[in-house]
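Fold and contact review
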Amino acid sequence: MKQILFPNNIQFWYETLRSMSHIAYGGADFGEVLSTAERITEGDFDSWYTEWAATADRVAGEADKALKAGHKVSARDGFLRASNYYRSAEFFLHGNPCDPRHVDAYDRSVECFKAAAALYTTPRIDPVEIPYENTTLPGYLYRVDDSGAPRPTLIMHNGFDGTAEEMHFFGAIAAVERGYNVLLFDGPGMPGPRHHQGLVFRPDWENVITPVIDFAGTIPDIDDTRIALLGLSMGGILAPRAAAFEHRLAAVIAVDGLYELGEVSVRNIPGPREEAERLLRADSAPELDAALEQLMTKDPISRWAFNHGMYVMGVDTPRAFSASYLDYTLADGIAEKIQCPTLVCDADADMFFKGQPEKLYDHLTCRKTLMLFTTEEGAGAHCHPGAMRLAAARILDWLDDTLDTTVTA
């Protein structure tokens, strides 16, 4: 898709398109996104934060006024948009973990989302704390109604850089409309646990999903024989990894599918892959360190990815972040362990992980589907921003058919 804004910075454009995509389920308004983007200096992370935070503050202020005046629907809608704008504001700030702005913006995003959630009557949206090791994971439980009848349930989580709250706009409301209860959560490495508990990503994601399913099993409204899992972006490797070892899942959805993140780490390192991996894991590799630092100065995607990656993996150098990716893989027979029906989504113009969905699909031995989204449909970018209604329809129709039921609200 043509970069309508930020023509020289594909990362800024992609994140703007991402915000636009949330218009479909109430997470943005076109004019608010456009006017904010026009004020931003291309490539300037501080400018990005300043302008998105200003828009978020204004929209949140209007929502507060609406709530005090008794206009609950207007307040709910405003809080939803403000939550998403605060999420966008802090997006590029993680290169400095001590920067208080990104924690403040994240907290404001959650505060606004919870304010919006409290104003819903249908569905009912309740914040939850999911027991996990010696702490808890933050999330939200969406109930279709108050009947208490057990319903099929979709567990959803984001990926490398997204929040549980953002999943409201990427499928949660769409699933509830189709009669599913929904359980959203942030796992280790994701914003809530990373900001406030210091938890970083871990590759053995089954040890995250198992306690989430255990928690779901305590809720009478959830039919524990029909629990599906959807992982978005980096969740496209985490969710299948969990399904390989956690066999209580009735289905798993990877949006978009990933097979091994190590391929991303080695693609800019010349020579055989074995040598590239050795250098990434070495105690010292000054030439590679210098090359990665230079890559960050030339490529906006690499600049952001390395900064954010060091933060969410809990490491100090671009090389250490790249080395951490080597552990995120479904190779060596892991993909083949998945038993439940699996949907692998693919985007024909994915600028991050081209070819990875097909690799995952080819290694699956379970009942499987590869679903391609195209640029012609407006859905060709990674995770299909700009085509949320289309993506939700296709993915959830697959889930209906896979669970052998068409659920109704």
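This text gives an overview of the structure that appears in the document. (Residues numbered from 1 in each chain as written. Predicted model: local features only at pLDDT ≥ 70, side-chain atom pairs only at ≥ 80, totals over all residues. Heavy atoms only, no water.)

**So, helix α13 (residues 300-313)**
Its 14 residues give α13 an end-to-end C-alpha distance of 20 Å, which sits within 8% of 20 Å, the value for a rise of 1.5 Å per residue. For α13, the tally of buried residues reaches 12 of 14 residues, placing the bulk of the element in the interior. What α13 keeps buried is the set Ile301, Ser302, Trp304, Ala305, Phe306, Asn307, His308, Gly309, Met310, Tyr311, Val312 and Met313. Turning to α13, the residues buried within the fold contact α1 (10-21), α3 (45-68), α5 (100-117), α7 (191-197), α12 (286-298) and α14 (318-325). Gly314, located one to two residues past α13, shows a positive phi value of around 70 degrees. (Helix = DSSP H or I, 4+ residues; strand = E, 2+ residues; numbered from the N terminus. Expected span 1.5 Å × (residues − 1). Buried < 20%, exposed > 50% of the residue type's maximum accessible area, 1.4 Å probe, protein only. Contact = heavy atoms within 4.5 Å.)

**Overview of the packing of aromatic side chains**
Across all of its chains, the model carries 20 aromatic pairs by this definition. Taking 6.2 Å as the distance between ring centres and 50 degrees as the angle between the ring planes, the aromatic pair formed by Phe6 and Trp48 counts as tilted. Placement of the pair is Phe6 in the segment before α1 and Trp48 in helix α3, with a sequence separation of 42 residues. Note on accessibility: Phe6 and Trp48 belong to one class, buried. Ring plane angle 25 degrees and centroid distance 6.1 Å describe the contact between Phe12 and Phe45, whose orientation is recorded as stacked. Placement of Phe12 in helix α1 and of Phe45 in helix α3 is noted, with a sequence separation of 33 residues between them. Each of the two residues, Phe12 as well as Phe45, counts as buried. Over the face of the ring belonging to Tyr311 we find Arg194, whose NZ or CZ atom lies 4.4 Å from the ring centre. Across from the ring centre of Phe45, 3.7 Å away, lies the NZ or CZ of Arg303, which sits over that ring. (Phe/Tyr/Trp six-rings, centres within 6.5 Å; stacked < 30°, edge-to-face > 60°. Lys NZ or Arg CZ within 6 Å of the ring centre and 35° of its normal.)

**So, the pattern of salt bridges**
Going through the model one piece at a time under the given rule, you end up with 30 salt bridges. The shortest N-O distance in the salt bridge between Glu51 and Arg39 comes to 2.6 Å. Remark: Arg39 occurs in helix α2 (residues 30-39) and Glu51 occurs in helix α3; sequence separation between them is 12 residues. The exposure class assigned to Arg39 is partly exposed, which follows from its relative accessible area of 37%. Note that Arg394 and Glu377 form a salt bridge whose closest N and O atoms lie 2.7 Å from each other. (Salt bridge = Lys/Arg side-chain N within 4 Å of Asp/Glu carboxyl O.)

**Remarks on the pairing of strand β3 (residues 151-157)**
For β3, the buried fraction is high: 7 of the 7 residues fall into the buried class. Examined bridge by bridge, β3 and strand β5 (residues 222-232) share 6 bridges and lie parallel to one another. In the strand pairing of β5, Met156 is matched with Leu230. In this structure, β3 lies alongside strand β4 (residues 181-185), joined through 4 bridges in parallel fashion. Bridge pairing in β4 places Thr153 opposite Asn181. (Pairing = 2+ DSSP bridges.)

**Side note on the nonpolar core**
Counting 151 residues, the largest nonpolar core has Tyr142, Leu183, Phe201, Met234, Ile395 and Leu399 as its most contacted members. The leading source of residues in this core is α3, at 10 residues. Aside from chain neighbours lying at most four places away, what touches Tyr142 is Phe113, Pro123, Arg124, Ile125, His168, Ala172, Ile173, Val176, Asn181, Val182 and Leu184. (Core = buried A, V, L, I, M, F, W, Y, C linked by side-chain atoms within 4.5 Å.)

**Topic: the side chain of Arg143**
Considering the arrangement of structural elements, one finds Arg143 in strand β2 (residues 135-143). Overall, the relative accessible area of 14% leaves Arg143 in the buried class. Within polar-contact distance, the side chain of Arg143 engages the side chain of Asp221 at 3.4 Å. Excluding residues within four positions of it along the chain, Arg143 makes contact with Pro123, Arg124, Asp126, Asn181, Ile219 and Asp221. (Polar contact = N/O pair within 3.5 Å; in protein donor to acceptor, adjacent residues only side chain to side chain.)

**Remarks on the pairing of strand β6 (residues 251-255)**
Within β6, 5 of the 5 residues are buried, which leaves the element mostly enclosed by the surrounding structure. With burial as the criterion, each face of β6 is covered, one bearing Ala251, Ile253 and Val255 and the other bearing Val252 and Ala254. Pairing of β5 with β6, which is carried by 5 bridges, proceeds in the parallel orientation. Within the sheet, the bridge partner assigned to Gly231 lies in β6 and is Ala254. Viewed along the sheet, the connection from β5 through helix α9 (residues 235-245) into β6 turns out right-handed. Sheet topology note: the β6/strand β7 (residues 342-347) ladder contains 3 bridges and is parallel. Directly across from Val252, in β7, lies its bridge partner Thr342. (Right-handed = clockwise from strand over helix to strand, strands pointing away.)

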